[in-house]
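Coordinates in review
Here is how the chains run, residue by residue.
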Amino acid sequence: CGGATFLGLGRALTGVADYHKLLALAEAGDASLVDTTVGDIYGEKGCAALGFPPSMTAVNFGALAHGGEAPLPAKRHLAAAVLQLVVQASVLQAMAHATPRGAADRVLFVGGF
């Protein structure tokens, strides 16, 4: 999961094939219009009781699963959701490998983009 995943999946969903243009599109979007958040599931009170922020992602692209025949969100929102998915997956994977080795404070991300 990384830059190529962002570019490939982003291109498939938006038609934008340039990394920098796709990143700018994502910056203008709102992933919460595509994803399902913990707040969407439990509400403010439930999140407070659980100790989770309402904005925390519960399901990437989850809002699209219940849209029926509703039109897809704007491309900028889809791009933001792809970027968020890639970043979250990358961080979770890095922490899963680094934490047992006592290296969670030294995780570095590199790439060719």
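Let me sum up the structure you'll find in this document. A quick note: this is a predicted structure, and the numbers were derived from the prediction, not measured.

**Some thoughts on the overall build of the chain**
On a plain count of helices and strands, the chain comes out with 5 helices and 2 strands. In the chain, the succession of helices and strands from N to C terminus is α-α-β-α-β-α-α. Projected onto its principal axes, the C-alpha positions of the chain cover 45 × 40 × 20 Å. Within the span of the chain, comprising 113 residues, buried residues form 28% of the whole. Long-range pairs, those at least 24 residues apart, make up 55% of the contacts in the chain with a sequence separation of at least 6. Taken as two groups, the 7 positive and 8 negative side-chain charges of the chain have centres that lie 7 Å from each other.

**Points about unusual backbone geometry**
If you check the backbone angles, F61 has positive phi at about 65° while not being a glycine. Within the element layout of this structure, F61 appears in the loop between β2 (57–59) and α4 (62–65).

**Describing the packing of helix α2 (residues 19–27) against helix α5 (residues 75–98)**
Contact geometry for α2 and α5: axes closest at 7 Å, N-to-C directions at 100°. Accordingly, the angle class assigned to the pair α2 and α5 is roughly perpendicular. Contacts between α2 and α5 pair L22, L23, L25 and A26 from the former with K75, R76, A79, A80 and L83 from the latter. Here the contact of α2 with α5 is composed, by residue class, of 7 nonpolar, no polar and 2 charged.

**With respect to the side chain of H77**
Residue position: H77 is located in helix α5. The residues contacting H77, other than those within four sequence positions of it, are G29, D30, A31, L33 and V34.

**Focus: a nonpolar patch on the surface**
Where nonpolar side chains cluster on the molecular surface, the patch consists of I41, Y42, L50, F52 and M56 and spans about 490 Å² of accessible area. Mapped onto the elements of the fold, L50 is located in helix α3 (residues 38–50). Since its relative accessible area comes to 45%, L50 is described here as partly exposed.

**So, the pattern of salt bridges**
Per the counting criterion, the structure on display carries 1 salt bridge. As a salt-bridge pair, D105 and R106 come within 3.1 Å of each other at their nearest N and O atoms. When its relative accessible area of 64% is taken as the criterion, D105 is described as exposed. The class for R106 is exposed, based on a relative accessible area of 54%.

**Quick word on the nonpolar core**
Among soluble globular proteins, nonpolar side chains are generally buried collectively. Within the largest apolar cluster, 15 residues are counted, with the highest numbers of intra-cluster contacts made by F6, L22, V34, F61, A81 and V82. Looking at this core, the elements with two or more residues in it are α1 (3–14), α2 and α5. Top element by residues in this core is α5. It accounts for 6 residues.

Quick notes on the rules
Residues numbered from 1 in each chain as written. Predicted model: local features only at pLDDT ≥ 70, side-chain atom pairs only at ≥ 80, totals over all residues. Heavy atoms only, no water. Helix = DSSP H or I, 4+ residues; strand = E, 2+ residues; numbered from the N terminus. Buried < 20%, exposed > 50% of the residue type's maximum accessible area, 1.4 Å probe, protein only. Contact = heavy atoms within 4.5 Å. Lys, Arg positive; Asp, Glu negative; His and termini not counted. Charge placed at Lys NZ, Arg CZ, Asp CG, Glu CD. Axes fitted to C-alpha atoms, helices over the stretch in contact; angles between N-to-C directions. Parallel < 35°, antiparallel > 145°, perpendicular 65-115°, else oblique. Nonpolar A, V, L, I, M, F, W, Y, C, P; charged D, E, K, R; others polar. Patch = residues over 30% accessible without salt bridge, like charges linked within 9 Å, V, L, I, M, F, W, Y side chains within 5 Å. Areas by Shrake-Rupley, 256 points an atom, 1.4 Å probe, with all protein chains shown as cover. Salt bridge = Lys/Arg side-chain N within 4 Å of Asp/Glu carboxyl O. Core = buried A, V, L, I, M, F, W, Y, C linked by side-chain atoms within 4.5 Å.

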